[in-house]
Number of protein chains: 4
Amino acid sequence: MPKTIKKIAVLTSGGDSPGMNAAIRSVVRTCAYHNVECVGVYRGYEGLIDGEFEVLDARSVKGIINKGGTFLKSARSKEFRTVEGRKKAYENIVKAEIDGLVVIGGDGSFTGAMIFNQEFDFPVMGIPGTIDNDIVGTSHTLGFDTALNTVVDAIDKIRDTASSHNRLFFVEVMGRDVGHIALNVGIAGGAEEILIPEEDLGLERLVDSLNRSRKSGKSSSIVVVAEGDKIGKNIFELKDYVDENMEGYDVRVSVLGHMQRGGAPSCFDRVLASRMGVKAVESLLEGKSNYMVGLINNIMELTPLENAIKGKTKINLELLRVSDIMST
Amino acid sequence: MPKTIKKIAVLTSGGDSPGMNAAIRSVVRTCAYHNVECVGVYRGYEGLIDGEFEVLDARSVKGIINKGGTFLKSARSKEFRTVEGRKKAYENIVKAEIDGLVVIGGDGSFTGAMIFNQEFDFPVMGIPGTIDNDIVGTSHTLGFDTALNTVVDAIDKIRDTASSHNRLFFVEVMGRDVGHIALNVGIAGGAEEILIPEEDLGLERLVDSLNRSRKSGKSSSIVVVAEGDKIGKNIFELKDYVDENMEGYDVRVSVLGHMQRGGAPSCFDRVLASRMGVKAVESLLEGKSNYMVGLINNIMELTPLENAIKGKTKINLELLRVSDIMST
Amino acid sequence: MPKTIKKIAVLTSGGDSPGMNAAIRSVVRTCAYHNVECVGVYRGYEGLIDGEFEVLDARSVKGIINKGGTFLKSARSKEFRTVEGRKKAYENIVKAEIDGLVVIGGDGSFTGAMIFNQEFDFPVMGIPGTIDNDIVGTSHTLGFDTALNTVVDAIDKIRDTASSHNRLFFVEVMGRDVGHIALNVGIAGGAEEILIPEEDLGLERLVDSLNRSRKSGKSSSIVVVAEGDKIGKNIFELKDYVDENMEGYDVRVSVLGHMQRGGAPSCFDRVLASRMGVKAVESLLEGKSNYMVGLINNIMELTPLENAIKGKTKINLELLRVSDIMST
Amino acid sequence: MPKTIKKIAVLTSGGDSPGMNAAIRSVVRTCAYHNVECVGVYRGYEGLIDGEFEVLDARSVKGIINKGGTFLKSARSKEFRTVEGRKKAYENIVKAEIDGLVVIGGDGSFTGAMIFNQEFDFPVMGIPGTIDNDIVGTSHTLGFDTALNTVVDAIDKIRDTASSHNRLFFVEVMGRDVGHIALNVGIAGGAEEILIPEEDLGLERLVDSLNRSRKSGKSSSIVVVAEGDKIGKNIFELKDYVDENMEGYDVRVSVLGHMQRGGAPSCFDRVLASRMGVKAVESLLEGKSNYMVGLINNIMELTPLENAIKGKTKINLELLRVSDIMST
């Protein structure tokens, strides 16, 4: 029989994403609603090891639902990858009389949580927070929707200057292993081509496509490139290749970088964060452990952490096709 | 055997919503992709009756994916509700050799399309465009996501001033018959209470809730009220009631109004619009008629127009509960 | 000889405006830079009377430069208008060993500061914070620029729906006594007419102008109305008048309300706030008192509070003319 | 006696900036107001040489006041730097019966205009459009204010992630020769240090400053670097230098790039554009030539093109000092 949960800790880990603050707020308020104590842990697993805890009540989290980043701060912890590190963390948890842990982060963070659970039989629950949308068990990770809007807004601005000068822009967006951001913003930003890690369309197809679009009367173009695109050339090399192999194009590069991670979360991400926090806390209270909460067909569901970690999200082929048709 | 479709017309009808331009663009480009001619009809069914047509090719719709409103303009047509009106429309369609019609609009527009289909056996396809998200057969109508972000942004601004002055604000948002906007923005905006057309919580509960939140240490509050909230009092009467029945509150009202309909569509709405346009045109080309395209579990699906019109969307009870917990 | 200033208090008073937090931050950091202690006073003069003080150091004000509203909160204090109230305030100031006071607010707040200075010979310095830009001695009050952008953004959204439906919108913006906001956003929002408190163009001219613009081919129109417009009719009466006196217009009203006060301050307002805070603190340290800091020809200048209060800003007639020409 | 002006041409030249469309609109409507014909020239001086003209009336420019970029498109013309090129341009102008030319652009564009005026005694008038604010004769160039807001918004987002991870970010902003953007956004974005082309503070001071700020308790920092900063190291070399010479810093680089040029113009830039267009056209109608219109102490003034080109704007030393104090 599971121990009754009287105190829950929450931490954010790995790369930050918009909506993490909203998720912390939800965890804290759901605890308050159920008369369970809540403790915030600073700097992810680092703070767990160092005992950087702070008691949080419903009022501690006011005014943060619309703030980007995470006020608990995040970090990648090397020490937590060691048995010693995790032991220290567990001792702090025991000392603080914490009965369950909510981890907001990506798959690296979930791996840590799963091992911690296995070693100490300690209840853990994951909330998928990353802009990359690369976690199985949820149609949307926290921050993905906001990042899409941030990137599209930047592409809209770039298009203003691209079309004023009849230029071709290569715009690099986040996504080392997955093309979800690139594919969505490519469609929404009216991109000519979208280069993603999942597909290798080849440099010639790119040149063909650009030539075709020029002939069809387009005077400026945007090509969206995911960081980890399969062609594998750095975006500046892509520019050079096009400069050399295509006439009359004035090519520019824009690497959007870290601004993609920040900003006030969208309505969708705030609602999602609120739902996920409720589900995570209430699942712990029901005695569940070692799951990730997620949105599946617009319903809050649990997925074993193991599946969430091992799985690999797939690109939506319908979107690839829509993108092709839209660049007619 | 269905007639081969060689020319498709597209119109926007009813209240405009962000993403309509992106949907028109998608219809036009999908036609171009399939070598089908495309004709834009101005001012909805009015333009069908008056023969205000314009041939649109892939280049005609450049630079509009990020524009709010609809460049084809929209209108509510009384004449199209008459047999004579529809007959004129049909004659124009025959004269222009149009073989299929895509209608972007809400349920009123779909009713018109369905009757038109019945009377003339003319192929029609609907794209649900309305910020209210009140149409069965799609988890999201076009414009809903954008409107949510617009409203949340406004509520964030109102909260700045509310919390600077320890004030209580009643904020009226769109939704005459449905509370989808109110419920989502209420959660995302950190509202104390959310008054929607689907539920009558009663004035006393509102006062109780506000008193409780004040005791819990909240110094300012936002109450989100859908236009058609069930309590049925005008938002200014609500203010008066609270002024009279609660001490020490400085109450203000803000009616957000038509700005909720405008603005550049969100990434989500642009992608949705692109997908819907493809699905609508390709369904017509496949010989289908009298359906609405929609998003169901993140897949493009068809729903008979009749079902879309007769059905009534339901409020997500999980969200109601999350809202309660969040205002702890 | 003025007493050496070792401790400075800062408060925000009256209606809040974007940039107040940035100004508080600047006051606090300028104090830290000069090794002067700084004390924040909550809820304006109310907090001065109630002794709600908090010591602020350079780190206390991190992360607020981009936040709307005022974390010190603001209030209008009736008690401070009495001799007894001000005496209590002075006693608290003496007890806390405060040597100077920076008041961020509008003319009402400055009147209080001036009387307080006269009664107790206590050094005060004003920073003009109000979105209305109605204070003599500065070309821009703090928050004015941000409010302009907020309103223009809302009008852009309204125009999306106005032009989709060929509608006429009356949009009410803030400005009970002055038309600065209305005039600027009217030009920037492409308004057909602008109704301001300083000018009475008469209802007939409005109707004439609308008729003319319709004839010239405009299908939709925006009329910007300041709260205190000289025609003196409530905006809903204006709508009724046009409904009755003009044919074929579909007229709507939008009252923008309190969202105009909130939001992240613009770059201009953040820089202005930073400059004003430096100037206010350093002027106190130089032994000056009873002035307001302001921007005159892009240089920080001091204006006696008395002049700031008594003066009345004038509408820029060039802008009125530009507005007329633009609505050609 | 100057020839009566009956037809005016307008073009945009050089790098585009937000507000150019609003300025074109103003030129066109001011012409319409004075019953003067107006002709738009595409692609700057290139279009003048190629005769790419289009007659523009008041309705041609509707719906563009809020659009970034320039619908007339811009270009840098090599041919216009030759006598032959300018002769062709003049012949086209004579053929089209154009009597005056408004050039919207930067100093390179004005040099072309001035030479053209000298060679053919043809009336020209300049409107300063560039985000860099590097033109003498106006306190604000068109687009500067918008670019500041765009950059500050991006820095706010970067700060979200910087402070979540206790990171140091070098953010590169536009400004090859001038630090106006860097200085303003540095203050508004709460930057630790600002590196500009006008000042060489030396690498050691940078390291000292960062060390000091860390000791004072700051956990994350932003350093704003203008493209042409005097230290002269590429921003990635700066990162390497700090990586090598400072312990415990997690340093990242973000190059904002071309998105800084785009976006809907701010209220300020729209009003400025409207005022400048009126002044430019009316000055031509008054028989003036070879001037640039500009904002001086908030009044529209004329400056000889020669002075505008030769002069060099100076950095505001007060802002440098404010920046120092704010990073306390």
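Below is a summary of the structure that appears in this document. (Residues numbered from 1 in each chain as written. Chains lettered and ligands numbered in written order. Predicted model: local features only at pLDDT ≥ 70, side-chain atom pairs only at ≥ 80, totals over all residues. Heavy atoms only, no water.)

Glancing now at the sheet that holds strand β8 (residues 221-226) of chain B. All names here are of chain B. On the basis of which strands lie adjacent, the open sheet formed by four strands has the order β7-β8-β6-β9 and parallel pairing. The outermost strands of the open sheet, each flanked by one partner alone, are β7 (193-195) and β9 (250-255). Taken pair by pair, the neighbouring strands of this sheet meet at an average axis angle of 20 degrees, ignoring direction. Running at roughly 170 degrees to β7, helix α6 (residues 180-188) makes contact with β6 (167-173), β7 and β8 of the sheet. Lying on the sheet, helix α8 (residues 235-245) is in contact with β6, β7, β8 and β9; it crosses β9 at an angle near 175 degrees. (Pairing = 2+ DSSP bridges. Helix = DSSP H or I, 4+ residues; strand = E, 2+ residues; numbered from the N terminus. Axes fitted to C-alpha atoms, helices over the stretch in contact; angles between N-to-C directions. Contact = heavy atoms within 4.5 Å.)

Residue and element names in this part refer to chain D. With 14 residues, helix α4 (residues 107-120) extends 20 Å between its outermost C-alpha atoms, agreeing within 8% with the 20 Å of an ideal straight helix rising 1.5 Å per residue. Of all the residues in α4, the buried ones are Ser-109, Phe-110, Gly-112, Ala-113, Met-114, Phe-116, Asn-117 and Phe-120. Next to the buried residues of α4 lie α2 (44-50), α3 (83-95), β4 (100-105), β5 (124-128), β10 (291-296) and α10 (305-310). Of the residues one or two after α4, Asp-121 is the one with positive phi, at around 50 degrees. (Expected span 1.5 Å × (residues − 1). Buried < 20%, exposed > 50% of the residue type's maximum accessible area, 1.4 Å probe, protein only.)

Quick look at the sheet that holds strand β1 (residues 7-12) of chain D now. Residues and elements named next belong to chain D. Here we have seven strands laid out as an open sheet, ordered β3-β2-β1-β4-β5-β10-β11, and mixed in their pairing. Of all the strands in the sheet, the pair left with one neighbour each is β3 (53-55) and β11 (299-304). On average, each strand axis in the sheet is inclined to that of its neighbour by 30 degrees, with strand direction left out of account. Sheet topology places β4 next to β5; five bridges connect them, and they run parallel. Within the sheet, the bridge partner assigned to Ile-104 lies in β5 and is Ile-127.

A separate point is the pattern of salt bridges. Counted under the stated rule, the structure contains 72 salt bridges over all chains. Residue Arg-43 of chain B is joined to Asp-50 of chain B by a salt bridge in which the shortest nitrogen-to-oxygen separation is 3.1 Å. Across the salt bridge formed by Arg-205 of chain D and Glu-193 of chain D, the nearest N and O atoms sit 3.3 Å from each other. Taken together, the residues Arg-205 of chain D in helix α7 (residues 203-215) and Glu-193 of chain D in strand β7 (residues 193-195) connect sequence positions twelve residues apart. Look at the salt bridges and you will find they share partners, linking Arg-43, Glu-46, Asp-50 and Glu-52 of chain A into a network. (Salt bridge = Lys/Arg side-chain N within 4 Å of Asp/Glu carboxyl O.)

What follows concerns the interface of chain B and chain A. Across the boundary between the two partners, chain B contributes 44 residues, which contact 44 residues of chain A. Across the interface of chain B and chain A, roughly 3900 Å² is buried in total on both sides, 55% from carbon and sulfur atoms. Remark: the boundary between chain B and chain A carries six salt bridges. Summed over the shared surface of chain B and chain A, the result is 16 residue pairs in polar contact (both at pLDDT 80 or more). At the level of elements, α1 (20-33), α5 (144-165), α6, α9 (267-285) and α11 (317-326) of chain B are the ones that each hand at least two residues to the side of chain B that touches chain A. Here the side of chain B that touches chain A gets eight residues from one element, more than from any other, and that element is α9 of chain B. Looking at the side of chain B that touches chain A residue by residue, the classes come out as 18 nonpolar, 15 polar and eleven charged. (Buried area = accessible area lost by both parts, 1.4 Å probe. Polar contact = N/O pair within 3.5 Å; in protein donor to acceptor, adjacent residues only side chain to side chain. Nonpolar A, V, L, I, M, F, W, Y, C, P; charged D, E, K, R; others polar.)

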